[in-house]
Amino acid sequence: MAQVEKFSYDNAIVRNFAYATIVFGLVGFLVGLLAALQLVFPEANLGLAETTFGRIRPLHTNAAIFAFVGNGIYMGVYYSLQRLCKAPMYSKLLSNIHFWGWQAIILAAAITLPLGITSAKEYAELEWPIDIAIALVWIVFGINMFGTILKRREQHLYVAVWFYIATWITITVLHVGNNLEVPVSLWKSYPVFAGVQDALVQWWYGHNAVAFFLTTPYLGLMYYFLPKAANRPVYSYKLSIIHFWALIFIYIWAGPHHLLYTSLPDWAQSLGTVFSIMLIAPSWGGMLNGLLTLRGAWDRVRQDPILKFMVVAVTAYGMATFEGPMLSIKSVNAISHFTDWTIGHVHIGTLGWNGFLTFGVLYWLLPRIFNTKLYSVKLANAHFWIGTLGILFYAIPLYFAGWTQSLMWKQFTPDGFLEYGNFLETVTQILPMYGLRAIGGALYIAGYLLCMYNLIQTVRSGKLQAYEPAEAPARPKAYVPHKGEHWHRWIERRPVQLLVGSTIAILIGGLVEIFPMVLIDENVPKIESVKPYTPLELAGRDLYIKEGCLGCHSQMVRPFRSETERYGEYSKSGEFIYDRPFLWGSKRTGPDLHRVGGKYSHSWHYNHMLDPTSMSPGSIMPPYPWMIDNDLKYDDIADKIRVLRLLGTPYPEGFEEKAAADLEQQAAEIAEGLRKDGIDDPNLEQKEIVALIAYLQRLGTDIKPKAQATN
Amino acid sequence: MQIIFLLILVSLIIALFFLLAFIWAVRSGQYDDDYTPSVRILLEDSETNKK
């Protein structure tokens, strides 16, 4: 037996991350509630640009994913990794840099997103300086984690540690891959990919962010905290190993299921579907492994709120991972995509799986590091029931809303016309469901307030044991090298260095491959009539991004008769080659806009943006009076043109010098058109609205629809 | 659509690294014992939380 060594676990960093989790949970939920209320009462945007749906929707998703769940991951990892490795964290300094760095990033997000500083990529909206900061802090976390693993006293890496490692490596690659962008200014950049390619990279990222940020780290937490809370070993450790490896190998291929029936090539869509369906096997293996851990202990679940939270969390994981593969089947996706079904689905995952597991871990962990008991088991039970009701009231109405709306979109009269030709009818139909959803969200928050009170009282009743002394024998050297051994042995003894080195190698390889390809050619079938945006349209497009219009409007007409009847010719991949970033969207709270160009007059758009209900009575779109008041800023237009040409948009040499004049001329033309319709504003041509109108009127007009075949 | 080949390549490389990690794990005896690790995590090695 090796010498027993004494050391201590750092609980202070665990406490810090726990506090951040608790605070940002509340923030994320409240912003979500604000967004949900605006779908029922548009006035709930408070009349401010900064608090309007399009801008706070990314704030909500980023707060929930990266602030609440992110800090939750770190809390759980810092607690369990030390104990699983029988070693303190590698570096206290790195722990602190990680903690404060991450909180600073969250602060930067909370400031920039309401200001409309966004790259428009879902769950990766933050602009390039923050992206770099995220990468740096993530690397600090990685060094700290791998350092701890290297210095471990326990030879065996428990399955949870494997989940943490997979999380770190994959998120590193995804984050870098999806945020390759060229800056125009400090707070504006254009992605190196355009159109279909950008869409594919985004959803490769988007899906795997769910897989490797919301799922794998939480599975690691489940494999540690569920057995600890139940005080019994996981049902089958062998199954957990199979679960891990199977999940890791399949997950990364499922991304294209977000792009079914879009302009993505068919075979790529099928690839995504096949892997998504296969995913049900490892996912359910993991769920059953979690639930069966409680075999013979279900009587304890009745009394222990912590176990209750964990059971519902694992069940929600099972439901979401059954639904996911189902939604990836093309015929189901034809109904579900762009509807609230998707929103219901993800909230089963986040409120149920991530939220409830986090609550279970908080209730279990805080009393331990504060050397006390949970303040009130009764309150925790109340939180559990209110929260569970909240999830049900949130998700079930959204499922109904999704089905109802999708069926209405697709309904034809016996004569072959759209039954609900006015999109708005399909929105007002589901408003009661939106109301119920907001009530569900409010219930969830009410339960959470009990949780906060309970945890605060718990902390007050105890005292933090910042350093928890522990002892364990040193790790025996597994292998003593001998002379003349094969060189590969040397690498094999250094698994962690191998993984880190390999990740860097992939990234370098990826960059070397990506850049020439991007700079040389757009690899999408070109359509002769598709031309780059004019400077004014480009400025309008960037306003569309700034206001978050893509949160409610898609730009992707799918090849269904119900869609071509409603919107026009279906979208072709070649139409998007100058779209940086792509703006296909993923939700239709309002109608698709890809063929909106030329559909309405300039003045219709002007009046509609000033007050949507004046053009469509009953509309839940918020008014955008500030776009009519604000002067258009275009001092960076030359830089924008320059960057886009660098990326391959064929603006002629020297065009950037003429861009401002070109912009002013087109603005004057549109302003003149507006004046003819009686809109009277002396400075009309200088306003943001003119640029937006220019962009909207351009949308989808580059191709002429093919003549209908007659027979 | 070369991007898709690139994504497949990157995904394959990630998969390859996990495969190597898997082979390492098996060959270094990580999975020789597929029961005791599940019990060992339940044992506390610090004084505080020993029941």
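What counts, and where the lines are drawn
- Residues numbered from 1 in each chain as written.
- Chains lettered and ligands numbered in written order.
- Predicted model: local features only at pLDDT ≥ 70, side-chain atom pairs only at ≥ 80, totals over all residues.
- Helix = DSSP H or I, 4+ residues; strand = E, 2+ residues; numbered from the N terminus.
- Buried ≥ 20, exposed ≤ 12 C-beta atoms within 10 Å, placed from the backbone.
- Contact = placed C-beta atoms within 7 Å.
- Axes fitted to C-alpha atoms, helices over the stretch in contact; angles between N-to-C directions.
- Parallel < 35°, antiparallel > 145°, perpendicular 65-115°, else oblique.
- Nonpolar A, V, L, I, M, F, W, Y, C, P; charged D, E, K, R; others polar.
- Core = buried A, V, L, I, M, F, W, Y, C linked by C-beta atoms within 7 Å.
- pLDDT = per-residue confidence, 0-100.
- Left-handed = near helix turned anticlockwise from the far one by under 90°.

### Things to note about the overall build of chain A
For chain A, the helix and strand inventory stands at 26 helices and 4 strands. Overall size of chain A, expressed as C-alpha extent along the three principal axes, is 90 × 60 × 55 Å. Per-residue burial for chain A yields a buried fraction of 53% across its 711 residues. Long-range contacts, defined as pairs at least 24 residues apart, comprise 83% of the intrachain contacts of chain A with a sequence gap of at least 6.

### Details of the overall build of chain B
Scanning chain B from terminus to terminus reveals 2 helices and 0 strands. Within chain B, buried positions represent 27% of all 51 residues.

### So, the packing of helix α5 (residues 159-178) of chain A against helix α7 (residues 237-251) of chain A
All names here are of chain A. Two numbers describe how α5 lies on α7: the axes approach to 10 Å, and their chain directions differ by 10 degrees. One element, α5, and the other, α7, form an angle in the roughly parallel class. Across the interface between the two elements, Val159, Trp162, Phe163 and Ala166 of α5 pack against Ser240, Ile241, Phe244 and Ile248 of α7. Looking at the contact of α5 with α7, its residues break down into 7 nonpolar, 1 polar and no charged.

### Quick look at the nonpolar core
Membership of the largest hydrophobic core comes to 217 residues, with the highest contact counts inside it found for A:Tyr78, A:Val161, A:Leu200, A:Met310, A:Ala313, A:Val690 and A:Leu692. Here A:Val690 is in contact with A:Leu632, A:Ala667, A:Ile670, A:Ala671, A:Leu684 and A:Glu685, once residues within four sequence places are set aside.

### Observations regarding the confidence of the model for chain B
When the pLDDT values of chain B are averaged, the result is 79; 84% of them are 70 or greater. Across the whole predicted complex the pTM is 0.91, and at the interface the ipTM reaches 0.81.

### A look at unusual backbone geometry
Glycine aside, residues mostly have negative phi angles, and peptide bonds mostly take the trans form. Residue and element names in this part refer to chain A. Here the residue pair Arg580 and Pro581 is connected by a cis peptide bond, since its omega of -10 degrees sits within 30 degrees of zero. Among the secondary structure elements, Pro581 is positioned in the loop between α20 (561-566) and α21 (602-610). The backbone of Phe338 shows a phi angle near 75 degrees, a positive value even though the residue is not glycine. The topology assignment puts Phe338 in the loop between α12 (330-336) and α13 (340-369).

### Digging into the environment of A:Leu126
Residue and element names in this part refer to chain A. Examined against the element boundaries, Leu126 turns out to sit in the loop between α3 (92-112) and α4 (128-150). Separated by 21 residues in the primary sequence, Leu126 and Ile105 have C-alpha atoms spaced 9.6 Å apart. Aside from chain neighbours lying at most four places away, what touches Leu126 is Ala109, Thr112 and Asp131.

### Describing the packing of helix α24 (residues 637-646) of chain A against helix α25 (residues 655-676) of chain A
All names here are of chain A. Axis separation between α24 and α25 bottoms out at 8 Å; the angle between their running directions is 130 degrees. What the angle tells us is that α24 and α25 run oblique. The handedness of the crossing between α24 and α25 comes out as right-handed. Between α24 and α25, the contacting residues are Ile637, Ala638, Ile641 and Arg642 on the first element and Phe655, Glu656, Glu657, Ala659, Ala660 and Leu663 on the second.

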